[in-house]
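Descriptive analysis of the structure
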Amino acid sequence: MELASHKVNLFKENITIECTSENTILEATLANHINHTHACGGQGKCSTCRVSVMEGIEHCGSRNDIEQKIASILNFPSEIRLACQTKITGDIAIRRMVSDKLDMDIISEQFSEDSNSAIGSQQKVTIVFTDIVNYTSFAERFPPYDIVHVLNRYYRIMNNVIQNHNGLISDVAGDGILAVFGIDGDDENSVLCAIKAIGEMNVKLDSFNKYLLDNFNTKFGIRAGVHYGNVIVGPFDTGAMKKTAVIGDNVNYASRIETSNKEFDTQLLLSEEAYNQVKDSYPNYNTYKTELKGKTGVYNLYELI
Ligand code: FES
């Protein structure tokens, strides 16, 4: 009996090969002399044969136990499959994900991560940008040592608050903090967590301001912008520095919302998507219609009252 044969389109190579229902994708690519990395020899132990299934994921059989184990460790989304373990029942299009030694080095390090989000994933989270009111005039008046010391003190206090509300500081830049809430967990309550965190940041700022008044005759305020939406969460690794960071248009959106506080003389503004998550808890609000730099259209921003 002749075995059913299916087409596998290879995105990078821009060719289409045949794969029978009895063969794995890796067996088909190797039979066609594709330089498909498979460091463990197809044993399902290294993940270097991983492919992104761009079309026809429904034609890929369920993960077997071997593949499921690696997929769980590395938090693979459904479209990332091990070519050495996957057989197909119809046509697919794939992109090989490991091209060279640097790709292999990055992947092998992922096995040493204890995080269960060792590769990037899309998640719905709450994104918060904050900046410091009065920071610029402070930075103009004091030497670099004082600026760094005060900022480190501020970051340390605020990091504790953010972590206490299940958030994570993804980045800091000057007086700005980018924090995310709801990573790998409870995205439904993440806006509420973020708002409570911002409230507590302001409480902590009161005592921080006593220190600033005593030592620098100044005090700070906090402005914050909050948005709720999909971002790509990844463990980014420059080789010298590793961190969990978020990227995507929704991150820029949150940043623009924070900036709008200056325009409306507000301290905390939420996007419509964020407000909809907490409207039962905060029925009273002011709205501001505005354009946001780098985005088209007019947006409703919400101030809780
Ligand atoms: S070749 Fe190692 S997991 Fe597929």
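Criteria and cut-off values
- Position numbers for residues count from 1 along each chain, tracking the sequence in the order it is written.
- Totals for whole chains, interfaces and linings use all residues, but because this is a predicted model, local features are given only for residues with pLDDT of at least 70 and pairs of side-chain atoms are given and counted only at 80 or more.
- Under the scheme used here, helices are H or I runs from DSSP no shorter than 4 residues and strands are E runs no shorter than 2 residues, and both carry numbers assigned from the N terminus.
- Radius of gyration here uses only the C-alpha atoms, and the compact-globule reference equals 2.2 Å multiplied by the residue count raised to the power 0.38.
- Counting other C-beta atoms within 10 Å of each residue's C-beta, where C-beta atoms are placed from the backbone, gives the exposure class: buried for 20 or more, exposed for 12 or fewer, partly exposed between.
- By the criterion used throughout, residues are in contact when their C-beta atoms, derived from the backbone, lie within 7 Å.
- Here, a strand pair is defined by DSSP locating no fewer than two bridges between the strands.
- The axes are straight lines fitted to the C-alpha atoms, using for helices just the contacting stretch, and the angles between their N-to-C directions are given from 0 to 180°.
- Buried Ala, Val, Leu, Ile, Met, Phe, Trp, Tyr and Cys residues form a nonpolar core when they are connected through C-beta atoms within 7 Å.
- How sure the predictor is of each residue is captured by pLDDT, a score from 0 to 100.
- Residue count minus one, scaled by 1.5 Å, sets the expected span of a helix.
- Taken from the helix axis, the directions to the C-beta atoms give the arc we talk about.

Let us look at the overall build of the chain. A count of helical and extended segments in the chain gives 8 helices and 13 strands. Over its C-alpha trace the chain gives a radius of gyration of 24 Å, far above what one expects of a compact globule, namely 19 Å for 305 residues. Referenced to the eigenvectors of the C-alpha coordinate spread, the extents of the chain come out at roughly 85 × 40 × 30 Å. Taken over 305 residues, the chain has a buried fraction of 32%. Restricting the contact set of the chain to residue pairs at least 6 apart, pairs at least 24 apart contribute 67%.

What follows deals with the sheet that holds strand β5 (residues 92–96). Here 5 strands make up an open sheet; going across it, the order is β2-β1-β5-β3-β4 and the pairing mixed. If you trace the sheet from one side to the other, it starts and ends with β2 (15–20) and β4 (80–82), each paired once. Recorded for the sheet is a direction-independent mean angle of 40 degrees between the axes of neighbouring strands. Sheet topology places strand β1 (residues 5–10) next to β2; 6 bridges connect them, and they run antiparallel. Its bridge partner lying in β2, His6 is registered against Cys19.

Before going further, it helps to examine the nonpolar core. Counting residues in hydrophobic clusters, the biggest one holds 45 residues, and the most contacted among them are Val128, Ala194 and Val226. The greatest single-element share of this core, amounting to 8 residues, is contributed by helix α6 (residues 190–216). Ignoring anything within four residues of it in the chain, the contact list for Ala194 reads Thr126, Val128, Gly167, Phe181 and Val226. Membership of the second largest hydrophobic core comes to 16 residues, among which are Val8, Leu10, Cys19 and Val51.

What follows deals with unusual backbone geometry. A positive phi angle, near 60 degrees, is found at His33, a position not held by glycine. By the C-beta count within 10 Å, which is 8 here, His33 ends up exposed. Despite not being glycine, Asn75 shows a phi value in the positive range, around 55 degrees. Relative to the elements of secondary structure, Asn75 occurs in the loop between α2 (65–74) and β4.

Predicted confidence across the chain gives a mean pLDDT of 90, with 95% of residues reaching 70 or more. By mean pLDDT, helix α3 (residues 101–110) is the weakest element of the chain at 72, and strand β11 (residues 268–271) is the strongest at 97.

It is worth spelling out helix α5 (residues 144–164) at this point. Between its first and last C-alpha, α5 extends 30 Å over 21 residues, near the 30 Å set by a 1.5 Å rise per residue. Of the positions making up α5, those classed as buried are Val150, Tyr154, Met158, Val161 and Ile162. Along the axis of α5, the buried residues cluster in a sector spanning 100 degrees; they form a single face. Pointing more than 90 degrees away from the buried face of α5 are the exposed residues Pro144, Tyr145, Val148, Asn152, Arg156, Asn160 and Asn164. In this fold, the buried residues of α5 make contact with β7 (167–173), β8 (176–181) and α6. Two residues or fewer after α5 comes Asn166, characterised by a positive phi angle close to 60 degrees.

Counting through the fold element by element, Asp249 comes out in helix α7 (residues 249–264). A residue is classified by how many C-beta atoms lie within 10 Å of it, and Asp249, with 12 of them, is exposed. Asp249 sits 46 residues away from Lys295 along the chain, and the two C-alpha atoms are 9.5 Å apart.

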